[in-house]
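# Commentary on secondary and tertiary structure
The lines below spell out each chain.
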Amino acid sequence: DPDYALAFAGRSLALHAYVVEYATGPAIRESLEQEQTDARKAIMLAPSLADAHLALAQFLSNGSLDFARANAEYERAAALAPGDARVLRAYGHFAVWMGRFDAGIASARRAVSLDPLNHVTYLQLGYTLQFARRYNEAIAAYRESLTLDPDDPAAHASRGLAYYALGTLQNARASCEFKPDYWNSQLCLAVTYDKLGRHVDAETVLVKMQASNGDDAAYQYAEIYAQWGNPAKALEWLGTAMRVRDPGLVQLKTDSLLDPLRNEPSFQAIEWRLKFPT
């Protein structure tokens, strides 16, 4: 059915997940182009379809880094489907990236109340709490997520980064070693091993990341070097992230791993160029 708007929206949302979690090399740009095309086609076919506006919002936030227009699309999706847990989860995540912590957490909690047996709702609640720097609450949310899906590498890795932020390094290490080849686990292990004095192991993890991802994980390399106390390399990789339009840049405004760079003029210039809403 070439006029089925929900199918175009669904493929756009699936491509977004693929880009964020798995894609490397030319597949990233190719998938982003198709993601945008499908989202706009869905809106053309069904202008009041919330999934279509959600799909476009996710492309705008991660694919084109157009945060003002992304916000408008998230709000449109939420207005069209105020009881849709998927919309609420995604909007909550975006809101905390933009620094609107109360709104983001409220949206994520509403999603949990609507879809309490879905491990992803607790995972997304954990993300929002983590970016709001409410780490103990984030860990509790990840615990709920892992109760429902004990094998989810995203929950293990994110919980590890929350432990890392608290300075509970052995817990961070154990959580992230559960699936050590998962990209966010590698990020967690690179910074955690370094803080544990295992810098050779941390370097080994980074080399493995770079062999698998090349410049596509430039944002994560910047996070690692920032935590290793090497601002020059961190800023160099942020420059690469800007050049390749790394989807991770949506996090820059509220990412605690980049805190060591916030007083650097080069960092402030990048933040200004990204035009985060105030």
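Residues numbered from 1 in each chain as written. Predicted model: local features only at pLDDT ≥ 70, side-chain atom pairs only at ≥ 80, totals over all residues. Heavy atoms only, no water.

## A short note on the overall build of the protein
Across its full length, the protein holds 15 helices and zero strands. Here the C-alpha atoms of the protein give a radius of gyration of 18 Å, agreeing with the 19 Å that 2.2 N^0.38 yields for 278 residues. Over its C-alpha atoms, taken along the principal directions, the protein stretches across nearly 55 × 40 × 35 Å. Within the protein, the fraction of its 278 residues that count as buried is 53%. Of the charged side chains in the protein, 27 are positive and 33 negative, and the gap between their average positions amounts to 4 Å. (Helix = DSSP H or I, 4+ residues; strand = E, 2+ residues; numbered from the N terminus. Rg over C-alpha atoms; globule rule 2.2 N^0.38 Å. Buried < 20%, exposed > 50% of the residue type's maximum accessible area, 1.4 Å probe, protein only. Lys, Arg positive; Asp, Glu negative; His and termini not counted. Charge placed at Lys NZ, Arg CZ, Asp CG, Glu CD.)

## Some remarks on the packing of aromatic side chains
If you walk through the whole model with that rule in mind, you get eight aromatic pairs. Considering the side-chain rings of F67 and F276, the 4.7 Å spacing of their centres and the 15° angle between planes classify their relative orientation as stacked. Here F67, found in helix α4 (residues 67-80), pairs with F276, found in the segment after α15 (265-274); they are 209 residues apart in sequence, far enough to count as distant. Each member of the pair F67 and F276 is classed as buried. Within the aromatic cluster, the residues linked to one another by ring pairs are Y74, Y91 and F94. (Phe/Tyr/Trp six-rings, centres within 6.5 Å; stacked < 30°, edge-to-face > 60°.)

## Section: the packing of helix α14 (residues 231-244) against α15
The contact between α14 and α15 brings their axes to 10 Å, and the two run at 20°. When the axes of α14 and α15 are compared, the pair comes out roughly parallel. Here α14 runs over α15; the crossing is left-handed. Between α14 and α15, the residues in contact are L235, L238, G239 and M242 and S266, F267, I270, R273 and L274, respectively. Looking at side-chain class alone, the contact of α14 with α15 contains six nonpolar, two polar and one charged residues. (Axes fitted to C-alpha atoms, helices over the stretch in contact; angles between N-to-C directions. Parallel < 35°, antiparallel > 145°, perpendicular 65-115°, else oblique. Left-handed = near helix turned anticlockwise from the far one by under 90°. Contact = heavy atoms within 4.5 Å. Nonpolar A, V, L, I, M, F, W, Y, C, P; charged D, E, K, R; others polar.)

## Section: the nonpolar core
Ranked by size, the top nonpolar core spans 93 residues in total, and within it L238, L249, L252 and L274 carry the most contacts. Those residues in contact with L252, other than ones at most four positions away along the chain, are Y219, L238, L258, R262, F267, I270, E271, L274 and F276. (Core = buried A, V, L, I, M, F, W, Y, C linked by side-chain atoms within 4.5 Å.)

## Some words on unusual backbone geometry
Residues other than glycine seldom take positive phi values, yet R133 does so here, at roughly 65°. By the secondary structure assignment, R133 is in the loop between α7 (119-131) and α8 (135-148). Look at K275: it is not a glycine, yet its phi comes out positive at around 55°. Examined against the element boundaries, K275 turns out to sit in the segment after α15.

## Some details on the packing of helix α9 (residues 153-166) against helix α11 (residues 183-195)
The geometry of α9 relative to α11 is characterised by a closest axis approach of 9 Å and an angle of 25° between their N-to-C directions. Considering the angle they form, α9 stands roughly parallel to α11. At the point where α9 passes α11, the crossing takes the left-handed sense. Note on element contacts: α11 touches α9 through N184, S185, L187, C188, V191, T192 and K195, opposite P153, A157, S158, G160, L161 and Y164. A breakdown of the residues in the contact of α9 with α11 according to their chemical character gives seven nonpolar, five polar and one charged.

## Structural notes on the side chain of Q124
Tracing the chain through its elements places Q124 in helix α7. Polar contacts involving the side chain of Q124 include one to the side chain of H93, which spans 2.8 Å. Apart from the residues within four sequence positions on either side, Q124 is in contact with R89, H93 and A108. (Polar contact = N/O pair within 3.5 Å; in protein donor to acceptor, adjacent residues only side chain to side chain.)

## A few points about the side chain of R262
Considering the arrangement of structural elements, one finds R262 in the loop between α14 and α15. Within the structure, the side chain of R262 is placed 3.0 Å from the backbone oxygen of L252, a separation counted as a polar contact. A distance of 2.8 Å separates polar atoms of two side chains, one belonging to R262 and the other to D259. Those residues in contact with R262 that sit more than four places away from it in its chain are L252, K253, T254, D255, F267 and Q268.

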